[in-house]
Amino acid sequence: MFEISKTQMHFLRNARLLIFRSFSSTKRHSFTESYLINSCGLSPEKALSASRKVHFETPERADSILAVLRDYGFTNTHISKAVSKFPILLTADPEKTLLPKLEFFRSVGFSGPDIVSIVVSSPFILKRSLENHVIPTYNFLKSVVMVDENIFRVFKNPFLMLGQNWQKTIPTNIATLQEIGVPMPNIMFLVTRQPGVVFRNREKFTTSVKKVIEMGFNPLRLSFLKAVQLSCQLNEFTIEHKMETYRRWGLTDDEIMLMFRLDPSCMRPSEKKITSVMDFLVNKMGWEPAAIARCPSVFARSLEKNVIPRCSVVKVLQMKGLVKKDLSLSILAYTEKNFVNRFVDKHRHDVPELLSVYQGKIGISDLSFVCEEIRAKKQL
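Presented here is an overview of the structure given in this document. Per chain, residues are indexed from 1 in the order of the written sequence. Where local features are concerned, this predicted model is filtered to residues with pLDDT of at least 70; where side-chain atom pairs are given and counted, the filter is 80 or more; whole-chain, interface and lining totals use all residues. The side-chain numbers reported here are obtained from all heavy atoms of the structure, hydrogens and water having been left aside.

### Looking at the overall build of the protein
Helix and strand counts for the protein stand at 22 helices and zero strands. Relative accessibility thresholds used throughout: buried, under 20% of the residue-type maximum; exposed, over 50%; partly exposed, between the two (1.4 Å probe, protein chains only). When the 380 residues of the protein are sorted by exposure, 41% land in the buried category. Counting contacts in the protein only where the partners sit at least 6 residues apart, residues at least 24 apart contribute 69% of the total. Carbon and sulfur atoms make up 54% of the accessible area of the protein, which totals about 20,900 Å². Starting at the N terminus, helices and strands are each numbered in turn, a helix being any DSSP run of H or I of at least four residues and a strand any DSSP run of E of at least two. Whether two residues are in contact is decided by their heavy atoms, any of which lying within 4.5 Å being enough. Accessible surface is estimated by sampling points in the Shrake-Rupley manner with a 1.4 Å probe; for residues, cover comes only from the protein chains shown.

### As for the packing of helix 13 (residues 202-214) against helix 14 (residues 222-233)
A pair of packed helices is captured by two measures, namely the crossing angle of their axes and the spacing between those axes. Simply put, an axis is a line fit to the C-alpha atoms, just over the touching stretch for a helix, and the angle between two N-to-C directions goes from 0 to 180 degrees. Put simply, helix 13 and helix 14 touch, their axes get as near as 9 Å, and they point 125 degrees apart. Comparing the axis directions of helix 13 and helix 14 gives the class oblique. When you trace helix 13 past helix 14, the crossing you get is right-handed. In this structure, helix 13 contributes F205, S208, V209, K211, V212 and I213 to the contact, and helix 14 contributes F224, A227, V228, S231 and C232. Oblique is the label for every angle not falling under 35 degrees (roughly parallel), over 145 degrees (roughly antiparallel), or within 65 to 115 degrees (roughly perpendicular). The crossing is said to be left-handed when, going from far helix to near helix, the turn is anticlockwise and less than a right angle, and right-handed when the turn is clockwise.

### Brief notes about the environment of L90
Here L90 is to be found in the loop between helix 4 (76-85) and helix 5 (94-107). For the pair L90 and P59, spaced 31 residues apart in sequence, the C-alpha separation works out to 9.4 Å. What L90 contacts, discounting residues up to four positions off in sequence, is L36, C40, F56, R61, A62, I65, L66 and V83.

### Re the pattern of salt bridges
One side-chain nitrogen of Lys or Arg within 4 Å of one carboxyl oxygen of Asp or Glu is enough to make a salt bridge. For the coordinates displayed, the defined rule picks out eight salt bridges. One salt bridge in this structure joins E236 and K211, with 3.5 Å as the shortest N-O distance. With a gap of 25 residues between them, E236 in helix 15 (residues 236-247) and K211 in helix 13 connect regions that are remote in the sequence. Here E236 falls in the exposed class, since its relative accessible area comes to 59%. The salt bridge involving R348 is made with D345; its shortest N-O contact spans 2.5 Å. The exposure class of R348 is partly exposed, given its relative accessible area of 35%. Take D345: its relative accessible area is 34%, and that puts it in the partly exposed class. Shared partners join several salt bridges into a network, and the residues in it are E240, E244, R247 and D253.

### Things to note about the side chain of R128
Note that R128 resides in the loop between helix 6 (112-121) and helix 7 (130-144). Under the convention used here, Asp and Glu are negative, Lys and Arg are positive, and both His and the chain ends fall outside the count. In this structure, R128 is buried with no salt-bridge partner, the nearest side chain bearing the opposite charge being E131 at 11 Å. Pairs of N or O atoms within 3.5 Å make up the polar contacts considered here, provided that, within protein, one atom can donate a hydrogen while the other can accept it, and that residues adjacent in sequence are counted only when both atoms are side-chain atoms. Of the polar contacts made by the side chain of R128, one reaches the side chain of H133; its length is 3.2 Å.

### What about the nonpolar core?
For our purposes a nonpolar core is just a set of buried Ala, Val, Leu, Ile, Met, Phe, Trp, Tyr and Cys residues, chained together by side-chain atoms within 4.5 Å. With 110 residues, the main nonpolar core has F110, F155 and L281 as its most contacted residues. The element contributing the most residues to this core is helix 19 (residues 303-319), with seven residues. If near-sequence neighbours (up to four positions away) are discounted, F110 is found in contact with F105, I115, I118, Y138, D148, I151, F152 and F155.

### Brief notes about the packing of aromatic side chains
Between the rings of Phe, Tyr and Trp (Trp by its six-membered ring), a pair exists once the centres lie within 6.5 Å; its type follows the angle of the planes, with under 30 degrees stacked, over 60 edge-to-face, and the other angles tilted. For the structure on display, the rule yields 15 aromatic pairs. Taken together, a centroid distance of 6.3 Å and an interplanar angle of 65 degrees make the contact between F110 and F152 edge-to-face. Placement of the pair is F110 in the loop between helix 5 and helix 6 and F152 in helix 8 (residues 148-155), with a sequence separation of 42 residues. The burial state of F110 is the same as that of F152; both residues are buried. By the ring-pair criterion, three or more aromatic residues cluster together here, those being F104, F105, F110, Y138, F152 and F155.

### What about helix 19?
Given 3.6 residues per turn, any residue in an α-helix points the same way as the ones three and four places further on. Buried residues dominate helix 19, accounting for twelve of its 17 residues. Taken together, the buried positions of helix 19 are L303, N306, V307, P309, R310, C311, S312, V313, V314, V316, L317 and Q318. Two to three positions downstream of the cap, the backbone nitrogen of K305 sits 3.1 Å from a side-chain oxygen, assigning the N-cap of helix 19 to S302. Note on helix 19: the residue one or two positions beyond its end, G321, has a positive phi of about 75 degrees.

Okay, here's the thing in structure tokens:
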């Protein structure tokens, strides 16, 4: 008769145990996934991903969480977004964990839509300690940025809500900025718009500040803080790579530094974006690289939606002698209404197709007077 060895018996026991656990796990996961899909509105893909982070076998607690959220004005879409970001929210204690934070936000004057926006943007806050994190954060922000609208902006930032030691880093970094004369309104702007920058390690933050000062930035100007932000977020290798991209278009290091001082965000675009903008402005519009360096905000604008339509209109007007040849790239800073009034509507009688050029419906080479010029040149 065939005998089973001890080793084989051990293997079979482990295999049965593994199969049982796998079945139990699948059953548990399938309930969680079904709940996430049917009650929270997650897609099957997102539900599968979320089920790896949260597990429950009965719906009671999750139902209570959803009921509280709906009482505070959360729609199905809001709930889906919040749960996708932070599935563990469904296992929180609605009475001890959830309600106290929501009630606190309401007590300090946040509106219903404000509370919804905060939670959807940063649902992690609902699992943080009210006494040790949420209230101290609010009180600190109140002392710095003062305006509730600005505090609301910061609370929407998940970076701050996840931070453990902001009470030490942010006040210290703000003090560093005050010591070199950065105006308080500018500091408020940084804390409100980019709290992650002042949350940086003190040593790294101070190094970035010193580096920006050495570059010649004026601490009194908002561009100083924009440069600090960029220095904190981009390493030296990345910045040097962007500079090399500009150099390939004939810009000197002095011209590149001029660009950086005027608008530090010119170092943010990818090499592809920088190359595309320079190619259009230099090769198709005929602008000198040095002239482009004096208006670096062009690199922050959409090439297809802003730069090409406006420059095409200006090119047509220059060809007709309706505007001066040396018009600067400041035209890109006009509001939509002002640009259309000043450059499109004003000259529509002289160039009827101008609106179509602006809307991208026809190209410059399709204009009747351009075609005539081309034919005349060919005849010569």
